[in-house]
Amino acid sequence: MDIQGVVAEGFEPVRDAFVRNFEVLGDRGAAVAVYRDGRKVVDLWGGTRDADGTEPWTEDTAQVVRSATKGVAAAVPLLLHQRGLLDLDAPVGSYWPEFKAGGKEKTLVRDLLAHRAGIPALDRGLTAAEAADGVSGPRAVAAQQPFWEPGTGHGYHAQTYSWLLSELVLRVTGRTLGSVLAEDIAEPLGLDFWIGLPESQAEAGRVGRVAPVEPPESAGTLRTRPRRNVSEAYADPGSLTRRAFAAIDPLPDENAPAYRAAELPASNGIGTARALARFYGATIGVVEDGARIFTPATTGLAAREHSSGPDRVLVVNTRFGAGYMLHGPASPLLSPASFGHPGRGGSLAFADPDAGIGFGYVTNALAKSVTADPRAQALVRALRSAL
């Protein structure tokens, strides 16, 4: 495998693990990047731009990162909070009056961020067109009766997170979440990351095609086999698990231009591993040219546990901060201090304030993993060994 890019002295184990991901674990096209104490120490890419193609992955190839989008999207409401425009302990209905319907009048902004709002699913799934139109999704979650009393438990809001965050940001700022991200975070930091891919980037042909893959036999014991109760939850059409992921039904074509152009903060962010690593580096400190996103107080909000224990959707124990998944058995990150977000199928990005790390991994080969992909975990273990 021809791997391109650079690795700082001492971080060679990450390169070795990245190579092995292609040779043993079935990666087809991927990139990994690491920032440490604001300085880029790993920036690697290899394979093909398209999971089912032959054109090489280049330095600026970007990919759909699925739920790794959530961690980037969460920076927008936290930034608004940092600026005094959004109170995390205020009822969502104080900004979005229609949201009070169905017994949700006491739901707090903090509950939305920590997957405690009780509306991970909808009584009727939205079509791909409805999900992307900017109106149907917010209207549906506002009208939806919660599946549990908001604030009393948590369950992963796999798809509805899109409309909860996007409408809240729109009500507070008058701007879409994707535009706030672009203008207030991505452009100042020089990040190649978008929620709502601009036509100019689509035309540039920078974005590769993703495709589902089966792990190769060479992966051996590293093949992921979910526990029986988890498998049963995904297989049962009436389970909250299945309904949460089917809030868009049928699932959209992630390679379609219309899907990529839409703003779905739960799932359709597009970017590079370098952008993700730099983003997370800027959430915990200053990166190379003096840029940063969060104050120390806001970093503390992101990393502080807001939800923990049995997840009513993922059917495993999970931990969430304000918008970020935290280190735990279901989603191992670098250390207990880490916060970030995986993307179903492989992608992973996080920050570790104790180690000064910003990490990003993106892939076009979408495996069956949900929160702990073997390829991403191999890179995390290698990074841990290098520190």
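Below is a short write-up of the structure.

## Quick notes on the nonpolar core
And then number 1: Among the nonpolar cores identified, the biggest contains 71 residues, and Val76, Leu78, Trp163, Ile185, Phe193, Phe279 and Tyr324 are the most heavily contacted of them.
And then number 2: Here this core takes nine residues from helix H2 (residues 68–82), the largest share from any one element.
And then number 3: Apart from the residues lying within four places of it in its own chain, the contact partners of Trp163 are Trp96, Leu122, Leu126, Ala131, Gly137, Pro138, Val141, Ala247, Ile248 and Leu264.
And then number 4: By size, the runner-up hydrophobic cluster in this structure holds 28 residues, among which are Leu333, Phe359, Ala376 and Leu383.

## Comments concerning the sheet that holds strand E4 (residues 63–64)
And then number 1: Within the open sheet, the three strands sit side by side as E4-E7-E5. Their pairing is antiparallel. Only two strands of the sheet have a single neighbouring strand rather than two, namely E4 and strand E5 (193–194).
And then number 2: Note: E5 against strand E7 (residues 270–271), two bridges, orientation antiparallel. Pairing of Phe193 across the sheet is with Gly271, part of E7.

## Describing the packing of H2 against helix H7 (residues 177–189)
And then number 1: Where H2 contacts H7, the two axes come as close as 10 Å, and the packing angle between them is 80°. As far as their axial angle goes, H7 and H2 are roughly perpendicular. Counted together, Val72, Ala73, Ala75, Val76 and Leu79 of H2 and Leu177, Val180, Leu181, Asp184 and Ile185 of H7 form the full contact between these two elements.
And then number 2: Split into classes, the residues belonging to the contact of H2 with H7 amount to nine nonpolar, no polar and one charged.

## A short note on the pairing of strand E3 (residues 39–47)
And then number 1: Of all nine residues in E3, seven are buried, a share of seventy percent or more.
And then number 2: Hairpin geometry of strand E2 (residues 29–36) and E3 is characterised by an intervening segment of two residues between the two adjacent antiparallel strands and by a positive phi of about 50° at Asp37.

## Topic: the side chain of Asp311
And then number 1: Secondary-structure assignment places Asp311 in the loop between strand E8 (307–310) and strand E9 (317–320).
And then number 2: The side chain of Asp311 sits in the buried core without any salt bridge; Arg312 is the nearest counter-charge, 8.0 Å away.
And then number 3: Among all residues touching Asp311, those that are not within four sequence positions of it are His154, Gly155, Tyr156, Val316, Thr318 and Phe320.

## What to know about unusual backbone geometry
And then number 1: Of the consecutive residues Asp249 and Pro250, the connecting peptide bond is found in the cis state with omega at 0°.
And then number 2: Tracing the backbone shows Pro250 in the loop between helix H10 (240–245) and helix H11 (257–261).
And then number 3: In this model, His115 sits at a positive phi of 60°, which is unusual for a non-glycine residue.
And then number 4: Within the secondary structure, His115 is located in the loop between helix H3 (109–113) and helix H4 (128–132).

## Here's the deal with the packing of aromatic side chains
And then number 1: Inspection of every chain in the model, using the stated rule, returns 10 aromatic pairs.
And then number 2: Taken together, a centroid distance of 4.8 Å and an interplanar angle of 85° make the contact between Phe279 and Tyr280 edge-to-face. As far as burial versus exposure is concerned, Phe279 and Tyr280 are alike and both buried.
And then number 3: One Lys or Arg, Lys104, reaches over the ring of Phe99 and ends 4.9 Å from the middle of that ring.

## Regarding the pattern of salt bridges
And then number 1: A complete count under the given rule lists 21 salt bridges for this structure.
And then number 2: Notably, a salt bridge pairs Asp43 with Lys40, separated by 3.4 Å at the nearest N-O pair.
And then number 3: For Lys40, a relative accessible area of 30% gives the class partly exposed.
And then number 4: Salt-bridge contacts for Arg66 lead to Glu254; the nearest nitrogen and oxygen are separated by 2.8 Å. Placement of the pair is Arg66 in the loop between E4 and H2 and Glu254 in the loop between H10 and H11, with a sequence separation of 188 residues.

## Quick notes on the packing of helix H5 (residues 136–143) against helix H6 (residues 161–173)
And then number 1: Following both chains from N to C, one finds H5 and H6 inclined at 100°, their axes separated by 9 Å at the closest point. As far as their axial angle goes, H6 and H5 are roughly perpendicular. Along the contact surface, H5 presents Gly137, Pro138 and Val141, while H6 presents Trp163, Leu164 and Glu167.
And then number 2: By residue class, the composition of the contact of H5 with H6 is four nonpolar, one polar and one charged.

## A word on helix H1 (residues 12–23)
And then number 1: Between its first and last C-alpha atoms H1 spans 17 Å; for 12 residues at 1.5 Å apiece the expected length is 16 Å, and the two agree.
And then number 2: Every buried residue of H1 is accounted for by Val14, Ala17, Phe18, Val19, Asn21 and Phe22.

## Quick word on the pairing of strand E11 (residues 339–342)
And then number 1: Burial along E11 is two-sided: Phe339 and His341 facing one way and Gly340 and Pro342 facing the other are all buried.
And then number 2: Taken together, the two bridges between strand E10 (residues 325–326) and E11 define a ladder with antiparallel strand orientation. Bridging from a neighbouring strand, Met325 pairs with Gly340 of E11.
And then number 3: For E11 and strand E12 (residues 348–352), the ladder comprises four bridges, and the chain directions are antiparallel.

About the thresholds
Residues numbered from 1 in each chain as written. Predicted model: local features only at pLDDT ≥ 70, side-chain atom pairs only at ≥ 80, totals over all residues. Heavy atoms only, no water. Core = buried A, V, L, I, M, F, W, Y, C linked by side-chain atoms within 4.5 Å. Buried < 20%, exposed > 50% of the residue type's maximum accessible area, 1.4 Å probe, protein only. Helix = DSSP H or I, 4+ residues; strand = E, 2+ residues; numbered from the N terminus. Contact = heavy atoms within 4.5 Å. Pairing = 2+ DSSP bridges. Axes fitted to C-alpha atoms, helices over the stretch in contact; angles between N-to-C directions. Parallel < 35°, antiparallel > 145°, perpendicular 65-115°, else oblique. Nonpolar A, V, L, I, M, F, W, Y, C, P; charged D, E, K, R; others polar. Lys, Arg positive; Asp, Glu negative; His and termini not counted. Salt bridge = Lys/Arg side-chain N within 4 Å of Asp/Glu carboxyl O. Phe/Tyr/Trp six-rings, centres within 6.5 Å; stacked < 30°, edge-to-face > 60°. Lys NZ or Arg CZ within 6 Å of the ring centre and 35° of its normal. Expected span 1.5 Å × (residues − 1).

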